Structure formats: structure tokens, C-alpha cells
Amino acid sequence: MAVHILLLLLAVSVATADEDAFIGANIGTELSDMPHPTQVVALLKAQQIRHVRLYDADRGMLVALANTGIKVAVSVPNEQLLGIGQSNSTAANWVSRNIVAHYPATNITTICVGSEVLTTLPNAAPVLVNALKFIHSALVASNLDHQIKVSTPLSSSLILDSFPPSQAFFNRSWNPVLVPMLNFLQSTGSSLMLNIYPYYDYMQSNGVIPLDYALFKPLPPNKEAVDSNTLVHYSNVFDAMVDAAYFAMAFLNFTNIPVMVTESGWPSKGDSNEPDATLENANTYNSNLIRHVLNQTGTPKHPGIGVSTYIYELYNEDNKPGPLSEKNWGLFDANGDPVYILHLTGSGSVLANDTTNQTYCTARDGADPKMLQAALDWACGPGKVDCSGLLQGQPCYEPDNVIAHATYAFDTYYHQMRKDPAACNFNGVAVITTSDPSHGSCIFPGSLGKNGTMANITAPSLNSTISDSSAYKIYGSSSLRSILTVIRLLVWGVVFL
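So, a few notes on the structure that sits alongside this text. Here the structure is a predicted model, which is why all the values come from computation and not from measurement. (Residues numbered from 1 in each chain as written. Predicted model: local features only at pLDDT ≥ 70, side-chain atom pairs only at ≥ 80, totals over all residues. Heavy atoms only, no water.)

Thoughts on the overall build of the chain
Part 1: Per the secondary structure count, the chain includes 14 helices and 15 strands.
Part 2: Counted over contacts in the chain with a minimum sequence separation of 6, partners at least 24 positions apart contribute 71%.
Part 3: Surface exposure of the chain reaches about 20600 Å², of which carbon and sulfur atoms provide 52%. (Helix = DSSP H or I, 4+ residues; strand = E, 2+ residues; numbered from the N terminus. Contact = heavy atoms within 4.5 Å. Areas by Shrake-Rupley, 256 points an atom, 1.4 Å probe, with all protein chains shown as cover.)

Considerations on the state of the cysteines
Part 1: The final tally for this structure, using the stated rule, is three disulfides.
Part 2: Each sulfur of the disulfide joining Cys396 and Cys442 lies 1.8 Å from the other. Note on the Cys396 and Cys442 pair: the S-S dihedral is about 100 degrees, so by sign convention the disulfide is right-handed. Taken together, the residues span a long stretch of sequence, with Cys396 in the loop between helix H12 (369–380) and helix H13 (402–416) and Cys442 in the loop between strand E15 (430–433) and helix H14 (479–496) at a distance of 46 residues.
Part 3: Classification of Cys442 by relative accessible area gives buried; the value is 1%.
Part 4: Here the disulfide map of the chain reads 1-5, 2-3, 4-6, the bonded cysteines being numbered as they appear in the sequence. (Disulfide = S-S within 2.5 Å. Buried < 20%, exposed > 50% of the residue type's maximum accessible area, 1.4 Å probe, protein only.)

Observations concerning the pattern of salt bridges
Part 1: On inspection of all chains with the given rule, the structure shows three salt bridges.
Part 2: The residue Arg53 makes a salt bridge to Glu263 at a minimum N-O spacing of 3.0 Å. In this pair, Arg53 is assigned in strand E2 (residues 51–54) and Glu263 in strand E12 (residues 259–264), connecting sequence segments 210 residues apart.
Part 3: Look at Arg53 and you get buried, because its relative accessible area is 0%.
Part 4: Between Asp212 and Lys217 there is a salt bridge, with the nearest N and O atoms lying 3.8 Å from each other. (Salt bridge = Lys/Arg side-chain N within 4 Å of Asp/Glu carboxyl O.)

Some remarks on helix H3 (residues 78–86)
Part 1: The set of residues buried in H3 consists of Asn78, Leu81, Ile84 and Gly85. Buried residues in H3, looked at end-on, bunch into an arc of 95 degrees, giving them a common side. What points out from H3, more than 90 degrees from its buried face, is the exposed set Glu79 and Gln86.
Part 2: Contacts from the buried residues of H3 go to strand E3 (71–76), helix H4 (88–100), strand E4 (108–113), helix H5 (117–120) and helix H6 (125–141). (Arc of directions from axis to C-beta.)

Notes on the side chain of Ser287
Part 1: Within the secondary structure layout, Ser287 lies in helix H11 (residues 279–294).
Part 2: Taking relative accessible area as the criterion, Ser287 reaches 1% and is therefore assigned buried.

A look at the nonpolar core
One broad rule of soluble globular proteins: the nonpolar side chains tend to lie buried together.
Part 1: Residues Ile111 and Leu192 are the most contacted members of the largest nonpolar core, which totals 103 residues.
Part 2: Broken down by element, the residue count for this core peaks at 10 residues, all from helix H10 (residues 237–251).
Part 3: Grouped together as the second largest cluster of nonpolar side chains are 27 residues, Leu376, Cys396, Ala409 and Phe426 included. (Core = buried A, V, L, I, M, F, W, Y, C linked by side-chain atoms within 4.5 Å.)

Comments concerning the sheet that holds strand E1 (residues 23–27)
Part 1: Sheet architecture is open: nine strands sit in the order E5-E4-E3-E2-E1-E13-E12-E9-E6, paired in parallel fashion. Looking along the sheet, the strands with just one partner apiece sit at the ends: strand E5 (149–151) and strand E6 (153–155). Strand-to-strand twist in this sheet, taken as the mean axis angle between neighbours without regard to direction, amounts to 25 degrees.
Part 2: Pairing of E2 with E3, which is carried by three bridges, proceeds in the parallel orientation. The residue of E3 that forms the bridge with Arg53 is Ala73.
Part 3: Packed on one face of the sheet, H6 meets E3, E4 and E5 and runs near 155 degrees to E4.
Part 4: The strands touched by helix H7 (residues 175–188) are E5, E6 and strand E9 (192–195); relative to E5, the strand with the most contacts, the crossing angle is about 170 degrees. (Pairing = 2+ DSSP bridges. Axes fitted to C-alpha atoms, helices over the stretch in contact; angles between N-to-C directions.)

Bear in mind that shape data such as this cannot, by itself, settle questions of function.
In C-alpha cells, the structure reads:
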């Protein structure tokens, strides 16, 4: 069956909020085979992911994201925080190098200063607010302070006594940092950024938190959690934590700062002592979370006001240290294939822009070049694919290698066969993908083309070279090459028919 994905991460308007509520994706890079930035962007476009958060300000990613319209949150890594928090000029140089140099071509909307600094790098806490202010001052100097907001993601563990939400408060030992930080956020119109992980809340609750409550599964009223002070019912951990943040800010007399969730997700695989880190639970949580945000459900304290959220995360990160679950929070593997198929049916307008029909058939990474050549020969012969676009001087001639040419032929055949999954096999050297392989003026069948969102995407993996390229070109006039081609066609006609 074709690999489809219903990950339609589209922004929706929230009339009562200053900005649209959205679903975005975090892009971690601790992969042994991290895709090239252009491949990452191709995946984002194919999946209609319009908001991303980077854990740094990588130049390659910022260049690849240019002119895409994708809204980007960049980050000051924790290891750079001390220097920026102690020097206005260091902060100004950082903004000049990582923001001004790329904006507005790259649509940078947010700067995350550090990540969970108070709980993971407490020695930098004294300079955190200064770092926020210095970065903001540099934006003011560049006239970018209205376009780009500055905040810092916090761990939800800073909120103590989080249920019932109405009596939640921040760890008071951090008030000397939190109060001036909240003052800054309020004065600049920025959001409180919070990382919320119901998976960990559930795992650490020793059975107190039901699994269904953590997963957003529908609960009967008598199974919902009730705030004894407000008598408000809570049907999931996520909403309870967001409202706990609102109440914790109100406890410090801040009542008009919105909450943005910078990380939330569920692992799809875990060690033997992590039995609830499963594909089914990850699918359930993320599908329900996406629907919850895009439907503008809001929380019991702020109904109808969606909470912008970044899913953790885009890719599985196999180089992450720690338990197996740490490596398996991703929606996709390094090849851009979905780890699981999100269940978004019935989520309203989100399906109006379904990208599941935008699938392509490409050469499988690592496939044997000789196998690819034989399959290419079959597609351009018995497969009746019009391969004239691969001739020298034609739009799809370059890159002139068997991987690129085979991908063109495979995808054309796949679409000729009405995208029948069986039509994208070619003896195991082809794979279905949601990433558009079109590049430059070479527009593949099924691509949205130059007027669509996926035009002019170059997939670097197509630039592989074979030492003797003449061995697989089937378009020359050599009689020997023609004879070899006929032999190949006869052999592979048996294999594929």
C-alpha cells in the first residue's frame, strides 16, 4: 500500500488572539544521516508544514528556507547564552550574522533564547533576562522588533502543584528571574514558551494519570479531572498544563501573556520499561493534538483560543543519548518516510488541503546502480514511459546520472499507472515518497509545478555520480549500446511483467 501521510500542518485564524494559532515542527539534527537542508525543506513543503523551530541558527537551513514563506523560529543555543547575556555587542553581532543576514528572504518570526535554561543550565539563569533584552535591543536597532519576537522556552516542571490548575504556581526560587522575564514578555508582546510532555507526566505519575487522559482520548464526564476550585472539567493533560501556566502567571500578576507550546509529542518506541512508547500511542497523541489546535478548541480557561504548538519532532534522532524513547519522537525517518500515518480524518477544514495524493516514485537510496539501470531500461522500453525528457539538452537531462534518470522514469510510470502502489517497486529499487523530486525546470508528473508550493526543489541525493557514466546511458547511437539495451529489456521484461 502506498505510503501516505495526513500531516497537514496548516495555520488557522483565531479571531480573539493577536496571531494565528498554528501547528509547527521542531527540527532536531542528532541523526547519523541528517538530510541535506534542501531535502528537509522539500519535506516541509510536501507536508504543508508552514512553521518550524530550529535549535540553532544554522546557515544552511536558513538559506534553504529562503523564499519559501515558511515561518521560522531560530534559537540561541544554550552554550552561547552566557556570552550573549554578558555582552550587548555579542548579542548585536549574533543578530547581525544570524537574523539580519537572512531576513526577510527567510521568514524569521521568533528567536528562542536558550532552551529550558533554568532547569538544564541554572548557572546561566542570572544572565537569561539580559540575553533576552540584548537580543531584543539588537532587533530594535535593525527595525525588526515588530516582526520578530523574543522569548525563552521553559520546562513545564517549573510549575508546581499543577493540578488543580487554579492553584498552580511557579517554583518560587526562580521568581527573581521569572518576574523580570514576564515583565519583558509583557512589554514586548511576546509569548510564554512552554515545553509540555504529557508522556512524562503520565510515566512519572505512578498510575495516578490515566493513559487515555494523557492521550487526548475522549472521556465520559465522570472520568474527567475536575478543578475543585473552579469546578472546571479537564479532559486531557495538555489543557490542564496550559491553564496551569496561565494561573501561575496570574499568581505573579501577569494576566495578558499568551502561552505558546514549543515542544510536545509522544515517542513511538521505547525500552522494555517504557511500554507506552508505542506507534499507536504516538499516533493517537499527535493526531489528537494537531486536531485540538487546528480546531481552535482552546482550553477551559481560554475556550476558543488555540494554543500554537510545535510538535516534537520532525525526524527520529538516532544519535540522541539516553533510553530508546529519546531516539523515537519523530514523525519521519531520515529518508522522509512517515514513522506512522496520522489519523486526521474528521478534523474539519484540515482535510481540505489533503496532500496524500501528492506522492512520487523515486529511486531508493543505496540501490545498486546496475539494478537501477536495468529498471530504467525497462521503464523506457516495455514500460512505455516517454523518456525523451532525459535526452541531452532536455529539462531533465541534468543531473546526468542513473539515480536521477531512474527517478524520472519511475515516477512517470507510477503516474501512468494511476499511482498504483504496485507500480512503484521495480524489483525493490524504487520507493514511494511525499517529497517532490522536481528540480530546476524539470517538473515531475504530479508536481504542483512552478505555480505550486513545491516548485524548484532540488534534492541533493540526485546528484550522486557513477564513475563510468557511459555505462548506463541508453540514448546514444552506439550499436553495441543498442544491443545491450535490447538484451536488458528482454530480461527485465520478464521480471516486471
